[in-house]
Amino acid sequence: MPSVPDTPNTEKRRIRKGSKEEDEYLFSTHTPEAEQLKIFLDKKEMQRVKSRVKNKPIVYLTYAVVLIFLAMFGFIIFFLVHDAENVIARSSNRRQDTLANSVSRGQILSSDGAVLAKTEEKDGEEVRVYPYGETYAHVVGYNDYGKSGLELSMNFHLLTSHENIFQQINDDLAGKKKPGDNVVTTLDSRLQSAAYKAMGKHKGAVIVMEPDTGKILALVSKPGFDPNEIDKVWEEIHTQEGQKSSVLVNRATRGLYAPGSTFKVVTALEYIREHPDYDSYSFKCTGTAEFEGVKIICINKKVHGNVNLEQSLGYSCNTSFANIGMNEISMDGLHKTAEELLFNKALPYDGDCARSSFTLTGSTSRTLIPQTVIGQGETTITPLHNAMILSAIANGGVVMKPYLVDHTENVNGTVVKSWSSESAATIMTAREAKTLQELLLSTGSYGTAAYKFKNYRHKIVGKTGTAEKDSEGHLNSWFVGYSNPEDPDIVVSVVIEDSDADGLTGVKVAAAVFETYYP
């Protein structure tokens, strides 16, 4: 066994065989043993490097599998905590049907406690009962033939029970169905009844909203149907005579109408955007005018004389607005403004709703401009959309998402889930909203709605509209507006079909709603 050479400063010591010191000593010499050790160590290092390179893909694959597993595990936890209820609650999820085997469908209530839908037992079977019949038919809906309205959108909540857990166990043991949760809506029974009654026998729709919250206080569509007799209704609409019936169509959200002069709000906004000096606008109305061969006539050929922009809106002067469209604004600009006001887009609303349409652009034939800018032509809008535009004006340019459900509660009245206000879009600046509000005060103070609102106790901001329905001269009447501009209370949007039949106008229906709101 080798030994460390003696030096003046070290003591002689022995190197233990097989130790690291022996390897180092041999490695530093040029003996055969040292050469063999070097070869051995080099081979060992090469094997270690090769092993490391060979194992890298396996390590990476292991890491990837672990990360995927963790991601899947995290998603499952997130889904169970956050999304499971929403997925099950979707109206297309058939799993909801199985809930009816163990849960008795809950009630639908108005905000002031009126029972709009309930479940009763008759002859040993559960029957859905609608105490108000046609009044809430479209908004509450029906519970058969695929469901509709709130019966459809709130199906999961109505078939979910949050009754006391001990009582649920007792019900299960007794073989009884558990009571489903109740849905408490934002609907005001006074306003709903007033709007329904005011419409008489006319077809059309009424929407009443709070502009600063988006709460829908009333939603009426006519013609209606009795959801208590849905079997008969369903049978009738599937006969040859009833195929064209539209009684099941919710005109408030799906009815597409020519906006008539209510579209002048959009045209006026575009003019304001292109002309900062909008208050200097002037036009001489002679009752009729011709643009690109298209004859435009003011209602009853009324001569309005010299009018500014405010008076053009207040008197709803067709020739003045046709002049604005032809000579004062860009059609591409008007198209852009219309789309910013949610035309051609899905509305931020959870229920079934049609898209309003505006197609005019700078490349469209100029002969279409005069009619389009006054709300005729191919432009269409829903009553809900019209209400949202006026809500934005009342709310500083911000559209709040319209909603119908305030909360759900269990059978004992304990709140389970609540819905709240939600900002949906800013469609104009606060300054533009303020300007339009000031201009639209003219409608109620001296303009086309003054016969009802001139001496009303609250100021009304709004716009009337008369739209030709067909070539036979039948007219639809619009009113859309809100009350108390200093602190807006409610927005009312009304369309009355065939208003020329007996003179019922959107203004008269809106007035009935305002009078009910302010007792």
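As the structure is a prediction and not an experimental result, all values here were calculated from the model.

Quick notes on the rules
- Residues numbered from 1 in each chain as written.
- Predicted model: local features only at pLDDT ≥ 70, side-chain atom pairs only at ≥ 80, totals over all residues.
- Heavy atoms only, no water.
- Helix = DSSP H or I, 4+ residues; strand = E, 2+ residues; numbered from the N terminus.
- Buried < 20%, exposed > 50% of the residue type's maximum accessible area, 1.4 Å probe, protein only.
- Contact = heavy atoms within 4.5 Å.
- Areas by Shrake-Rupley, 256 points an atom, 1.4 Å probe, with all protein chains shown as cover.
- Pairing = 2+ DSSP bridges.
- 1 Å grid on protein atoms, 1.4 Å probe; cavity = no way out; pocket = protein on both sides within 12 Å on 5 of 7 lines; lining within 4 Å.
- Points joined across faces, edges and corners; volume = space filled by probe spheres on them.
- Nonpolar A, V, L, I, M, F, W, Y, C, P; charged D, E, K, R; others polar.
- Axes fitted to C-alpha atoms, helices over the stretch in contact; angles between N-to-C directions.

(A) How the structure looks around the overall build of the protein. The number of helices and strands found in the protein is 19 helices and 19 strands. For the protein, the proportion of its 519 residues judged to be buried stands at 48%. Of all intrachain contacts in the protein linking residues separated by at least 6 positions in sequence, the fraction that spans at least 24 positions is 64%. Here the protein has roughly 26,500 Å² of accessible surface; of this, 52% comes from carbon and sulfur atoms.

(B) Here's a closer look at the pairing of strand E6 (residues 182-185). Because side chains alternate across E6, one face comprises the buried residues Asn182 and Val184, and the other comprises Val183 and Thr185, equally buried. Sheet topology places E6 next to strand E14 (residues 405-409); four bridges connect them, and they run antiparallel. Bridge assignment links valine 184 to a residue of E14, and that residue is histidine 407.

(C) Seen up close, the environment of alanine 198. By the element assignment, alanine 198 lies in helix H8 (residues 189-198). Those residues in contact with alanine 198 that sit more than four places away from it in its chain are Leu504, Val509 and Ala512.

(D) Just the pairing of E14, in detail. Counting buried residues in E14 gives four out of five residues, a clear majority hidden from the surface. Relative to strand E15 (residues 415-418), E14 is paired through three bridges, and the arrangement is antiparallel. Bridge pairing links histidine 407 to serine 418 in E15. Where E14 hands over to E15, the hairpin turn is made up of five residues, of which glycine 413 adopts a positive phi near 95 degrees.

(E) Just the side chain of serine 261, in detail. Following the sequence through the fold, serine 261 ends up in the loop between helix H10 (251-254) and helix H11 (264-274). With sequence-adjacent residues up to four places away left out, serine 261 is seen in contact with Ser316, Asn318, Ile374, Lys463, Thr464, Gly465 and Thr466.

(F) Structural context of the layout of surface pockets. When its volume is computed, the second largest pocket comes out at roughly 770 Å³. Lining the second largest pocket are 32 residues, with Cys298, Ile299, Asn300, Asn318 and Thr466 sitting closest to its centre. Elements represented by at least two residues in the lining of the second largest pocket include exactly strand E11 (294-297), strand E17 (460-468) and strand E18 (475-483). Per-class residue counts for the lining of the second largest pocket are 12 nonpolar, 16 polar and four charged.

(G) Focus on the environment of valine 206. Here valine 206 shows up in strand E7 (residues 204-209). Using a relative accessible area of 0% as the deciding quantity, one classes valine 206 as buried. The spacing of valine 206 and valine 480 is 274 residues in sequence and 9.7 Å in space, taken between C-alpha atoms.

(H) Fine view of the sheet that holds strand E8 (residues 216-222). Read across the sheet, five strands follow the order E8-E7-E19-E18-E17 without closing on themselves; strand pairing throughout is antiparallel. Either end of the sheet is taken by a strand with one partner, and the two such strands are E8 and E17. Neighbour-to-neighbour, the strand axes of this sheet turn through a mean angle of 5 degrees, independent of strand direction. Sheet analysis places E17 next to E18, joined by nine bridges and oriented antiparallel. Looking at the pairing, threonine 464 lines up with phenylalanine 479 of E18. Strands E7 and E8 of the sheet are contacted by H8, whose axis makes an angle of about 25 degrees with E8.

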